[in-house]
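One letter stands for each residue in the lines below.
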Amino acid sequence: MADDRKNSGPHQYGMETRTIHAGARPDPVTGARNTPIYQTTSYVFDDAEHAADLFNLQTFGFIYSRLTNPTVSVLEERIANLEDGRAAVCAASGHAAQFLAFFSLLEPGDEFVASRNLYGGSITQFGVSFKRLGWTCHFVDPTDPENFRKAITPKTKGIFIEVLANPGGVIVDLEAVAGVAKDAGIPLIVDNTLATPYLCQPFHWGADLIVHSTTKFLSGHGTSLGGAIVESGKFDWAANADKFPTMTEPDPAYHGLTFAETFGDFGFTMKTRAVGLRDFGPCMSPTNAFYTITGMETLHLRMDRHIENAQKIAEFLDAHPAVDWVSYAGLPESPYHDLAKKYLPKGAGSVFTCGLKGGYEAGVRMVEGVNLFSHLANVGDTRSLILHPASTTHRQLTDEQRAAAGAGPEVIRLSIGLETADDLMYDLDQALA
Ligand SMILES: *Cc1c(COP(=O)(O)O)cnc(C)c1O
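These figures come from a predicted structure and were not determined experimentally.

Conventions used here
Every chain begins its residue count from 1, and numbering advances along the sequence as written. A pLDDT threshold of at least 70 governs which residues receive local features in this predicted model, and a stricter bar of 80 or more applies before side-chain atom pairs are shown or counted, although totals over entire chains, interfaces and linings include all residues. Derived side-chain values reflect all non-hydrogen atoms in the structure, with water molecules and hydrogen atoms excluded from consideration. Elements are defined by DSSP. Helices are runs of H or I of four residues or more, strands are runs of E of two residues or more, and each kind is numbered from the N terminus. Each radius of gyration is computed over the set of C-alpha atoms, and the globule rule expresses the reference value as 2.2 Å times the number of residues to the power 0.38. A simple rule labels every residue: compare its accessible area, found with a 1.4 Å probe on the protein chains alone, to the largest value its type can have, and call it buried under 20%, exposed over 50%, or partly exposed in between. By the convention used here, residues are in contact when the closest approach between their heavy atoms is within 4.5 Å. Computed with the Shrake-Rupley method and a 1.4 Å probe, the accessible areas treat only the protein chains shown as cover for residues. Put simply, a nonpolar core is a bunch of buried Ala, Val, Leu, Ile, Met, Phe, Trp, Tyr and Cys residues held in one set by side-chain atoms that sit within 4.5 Å of each other. Reported domain spans reflect what an automatic or database domain assignment gives. Distances are taken per atom, and a residue is near a molecule or strand as soon as one of its heavy atoms is within 4 Å of it. Note on residue categories: nonpolar means Ala, Val, Leu, Ile, Met, Phe, Trp, Tyr, Cys or Pro, charged means Asp, Glu, Lys or Arg, and polar means any other residue, Gly included.

(A) View of the overall build of the chain. What the chain contains, in helices and strands, is 17 helices and twelve strands. Rg of the C-alpha trace for the chain: 22 Å, near the compact-globule value of 22 Å for 433 residues, within the 12% margin. Seen through its principal axes, the chain has C-alpha atoms that stretch 70 × 55 × 40 Å. Buried positions account for 58% of the 433 residues belonging to the chain. Counting contacts in the chain only where the partners sit at least 6 residues apart, residues at least 24 apart contribute 71% of the total. Surface exposure of the chain reaches about 17,500 Å², of which carbon and sulfur atoms provide 53%.

Here is the structure:
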């Protein structure tokens with residue numbers, strides 16, 4: 001759980017330096033400069049007492065890779081560092097991270113409030129599968145922060161948003177929603193997958209927990225599934241003890257320790273690891289952590305090019321006769337342009353939607369007509385990607401949910417990659433023709 005910035009003396013390292021160095025140091029045994037893939041399931045104990053201390057969470061170390069792994073630990077420290085958080089725990093995927101975060105917060109019968117503008121899979125996870133665990137999600141229109149306040153009940157244990165929403169191009173007023181969560185004494189959880197800490201650092205605006213699908217921009221090359229949960233270390237669990245018994249009541253499996261009291265500002269991370277990962281098991285593999293660490297070293301360079309290309313393509317489509325509208329907060333006419341300038345000053349990401357004049361049919365023809373763009377269900381790759389949500393990712397939703405999520409029949413979602421911008425425009429132009 002060491003924090004690299006504490007070792008850096010009075011000088012604070014910049015984001016670019018931290019994407020390359022945070023959490024990693026040369027291997028003390030071999031001198032290997034790059035973080036090795038510790039492809040091992042288990043670790044030898046020094047002696048019986050050391051083993052007992054590890055199992056009792058009385059010392060830090062490695063027991064079994066379902067809980068901790070040295071390669072995965074480097075990634076956890078790096079993500080926590082880039083988010084200016086206290087600690088992080090990785091998971092097998094973004095959805096696994098979301099599940100674990102809510103498992104550490106909720107009891108059966110509890111509720112949370114979520115923006116209705118979310119990744120399609122999150123809407124299904126929250127609305128359908130979580131219901132079977134006794135967790136109720138109330139979806140609200142995030143464009144008015146007061147909608148979150150109105151949906152809070154005595155059983156509400158958290159608010160969940162994406163600042164830069166996928167796929168609607170909606171930017172949520174993060175600071176205002178954080179204020180609502182603070183008034184209610186509940187944590188604000190932000191899915192920061194599409195912005196990444198390079199474009200937006202939600203903890204600086206009052207968020208308490210961040211979740212990532214590292215599958216996307218953090219990894220960056222479309223090679224590896226992964227997720228992460230980051231804790232700010234600032235949420236006061238004890239002050240809201242009646243709401244969060246999972247954090248404040250003695251845990252019988254660990255000799256009655258309470259996570260909030262024993263581990264303080266990284267109690268949530270410890271709880272999620274020592275109970276959530278231990279009992280459900282969706283850990284990140286060391287090989288995926290390695291690929292993700294390697295990809296993250298160029299996060300800053302890639303994001304700069306992603307947003308530069310996205311701005312060019314959005315302007316091109318906006319002027320195209322076959323395109324009805326473009327929903328990109330980087331365009332001055334976007335209703336979210338001012339919020340984007342506040343929360344995403346470097347650029348409004350590289351995933352956005354446009355609406356085709358020809359409706360559903362034109363959408364299907366377009367995804368079949370591109371050559372350079374890949375027709376697939378992912379975002380945040382070096383390659384440019386295209387999707388018709390109504391016939392794919394948002395298929396399971398009702399017409400009403402689709403429209404609310406910004407995934408109507410005419411909508412095309414683009415994830416702009418790192419190719420030559422002219423080539424991308426040429427490809428879209430010929431597909432639209
Ligand atoms: C992809 C994605 C997820 C889910 O992550 P997986 O790694 O695919 O499980 C969650 N939120 C957002 C915004 C995503 O783009």
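Still to come is the rest of the account.
(B) Expanded view of the nonpolar core. In this structure, Phe102, Leu188, Phe259, Leu317 and Phe352 are the most contacted members of the largest nonpolar core, which totals 125 residues. Both domains that furnish three or more residues to this core are identified here as domain 1 (36–295) and domain 2 (299–432).

(C) The site of the ligand, seen in detail. Lining the immediate environment of the ligand, one finds 14 residues, of which Gly94, Asp191, Ser213, Thr215 and Lys216 sit closest. The element that contributes the greatest number of residues to the shell around the ligand is helix H4 (residues 94–105), accounting for three residues. Within the shell around the ligand, the residues separate by chemical class into two nonpolar, nine polar and three charged.

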